Amino acid sequence: MDAKLIKQYGDELYNAMQNKQAVAPLTSRESDISIEDAYHISLQMLNRRIDAGAKVIGKKIGVTSKAVQSMLNVHQPDFGYLTDDMVFNQGEVMPISERLIAPKAEGEIAFILKKDLMGPGISNADVLAATECVIPCFEVVDSRIENWQIAIEDTIADNASCGLFVLGDKAVSPHKVDLVTCGMVVEKNGKILSTGAGAAALGSPVNCVTWLANTLGEFGIGLKAGEVILSGSLVPLEPVKAGDFMRVEIGGIGSASVYFT
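Residues numbered from 1 in each chain as written. Predicted model: local features only at pLDDT ≥ 70, side-chain atom pairs only at ≥ 80, totals over all residues. Heavy atoms only, no water.

Asks: Kindly report on the confidence of the model for the chain, identifying the contributing residues and their values.
Replies: On average, the chain scores 92 in pLDDT, and the residues at 70 or more come to 95%. By mean pLDDT, the top-scoring element of the chain is strand 7 (residues 164-167) (98), and the lowest-scoring one is helix 3 (residues 66-72) (57). (pLDDT = per-residue confidence, 0-100. Helix = DSSP H or I, 4+ residues; strand = E, 2+ residues; numbered from the N terminus.)

Asks: Can you lay out the side chain of glutamate 238 for me, pointing to particular residues and giving the numbers?
Replies: With respect to the helices and strands, glutamate 238 occurs in strand 11 (residues 238-239). Judged by its relative accessible area of 18%, glutamate 238 is buried. (Buried < 20%, exposed > 50% of the residue type's maximum accessible area, 1.4 Å probe, protein only.)

Asks: Give me the lowdown on the environment of threonine 261, citing residues and values where you can.
Replies: One can find threonine 261 in the segment after strand 13 (254-260). Relative accessible area serves as the criterion here: at 30%, threonine 261 is assigned to the partly exposed category. Between the alpha carbons of threonine 261 and methionine 94 there is a distance of 6.1 Å; along the sequence they are 167 residues apart. Discounting residues that sit within four places of it in the chain, threonine 261 has contacts with Val93, Met94, Pro95, Ile96, Ser97, Ala242 and Gly243. (Contact = heavy atoms within 4.5 Å.)

Asks: I'd love a proper account of the sheet that holds strand 4 (residues 93-94), names of residues and values included.
Replies: Note: strands within a sheet are paired through backbone hydrogen bonds, in either parallel or antiparallel orientation. Here 5 strands make up an open sheet; going across it, the order is 4-13-12-8-9 and the pairing mixed. Across the chains shown, the open sheet's two edge strands, defined by having one partner strand only, are strand 4 and strand 9 (191-197). As paired elements, strand 4 and strand 13 share 2 bridges and run parallel to each other. Across the sheet, the residue bridging to valine 93 is tyrosine 259, located in strand 13. (Pairing = 2+ DSSP bridges.)

Asks: Any details on the environment of aspartate 244? Residues and values, ideally.
Replies: Within the element layout of this structure, aspartate 244 appears in the loop between strand 11 and strand 12 (245-250). Since its relative accessible area comes to 3%, aspartate 244 is described here as buried. Linking aspartate 244 and valine 258, residues 14 residues apart in sequence, is a C-alpha distance of 8.5 Å. Among residues more than four places away in sequence, those in contact with aspartate 244 are Lys188, Asn189, Pro239, Val258, Tyr259 and Phe260. At a separation of 3.1 Å, a polar atom in the side chain of aspartate 244 contacts the side chain of asparagine 189. There is a polar contact of 2.9 Å between the side chain of aspartate 244 and the backbone nitrogen of lysine 241. (Polar contact = N/O pair within 3.5 Å; in protein donor to acceptor, adjacent residues only side chain to side chain.)

Asks: Which residues make up the pairing of strand 5 (residues 104-113), and what are the values?
Replies: The side chains of a regular strand alternate between the sheet's two faces. Burial analysis of strand 5 places 10 of its 10 residues in the buried class, the great majority of the element. Side chains of strand 5 alternate between two faces, with Lys104, Glu106, Glu108, Ala110 and Ile112 and Ala105, Gly107, Ile109, Phe111 and Leu113 buried alike. Summarising the sheet, strand 5 and strand 6 (residues 131-141) pair through 10 bridges and their orientation is antiparallel. Residue lysine 104 lies in a different strand from strand 6, and its bridge partner there is valine 141. Note that strand 5 and strand 11 share 2 bridges and pair antiparallel.

Asks: Explain helix 1 (residues 3-19) to me, and be specific about the residues and the numbers.
Replies: At 3.6 residues per turn, the α-helix brings residues three or four places apart onto the same side. With 17 residues, helix 1 ought to run about 24 Å at 1.5 Å a step, and its terminal C-alpha atoms sit 24 Å apart, in line with that. Contacts from the buried residues of helix 1 go to helix 2 (35-51) and helix 6 (152-157). Put simply, aspartate 2 is the residue that caps the front of helix 1, since its side-chain oxygen is 3.2 Å from the backbone nitrogen of lysine 4. Phi for lysine 20, located one or two positions after helix 1, is positive at around 55 degrees. (Expected span 1.5 Å × (residues − 1).)

Next comes the structure, spelled out in structure tokens:
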């Protein structure tokens, strides 16, 4: 795909986000779009956000669990960029009706890095050594593609369907919790909605961060000290709307909650 089309689609997705108006799938218009094309489109979308004043504060891995892969019919992970205008703290209200088009919430484990990670060649041990702490998290994904009709190239181009996220107020060392067996319980409006475990995300959230570091390394991009890394959902996606309240509890780590307006 030539540079002119990459810029066109990146600008289109940026405008879709700003205007809250979804667009037709890119794959329905460009039959030969590649994953590499999609990542370049995503970077154009990101550059528009940076030009408007946003700062990159981390990265996210998407589509890691079998539950989410089945829901979206996308069967490999992807990644996107987190910016400072996406993050909310525990107890803050999240205005999804003002900011998002078709939001869906997912419970995750966030990693906060204390050292840089530059792939390829990163191991799980490297990831654990570079992690300051892990924190319970809700990611609220969104799609600028009409009706979530996405192929892998669509969601990659759309910054891995990033929306907003909230971090819990408790952090623990990754060495003090079993990130494979830790259980997750997600509640919506006071009722248990779903359960999961660390193993749901590529066998372990650590595997996800390792995959991300090595994949980004192929593009010459590193994970940086201080960044937030969202490691992927452990439970199915849940559509949310204004008025909903959600809470996630992760064994050995803590909880996060969010009220949507």
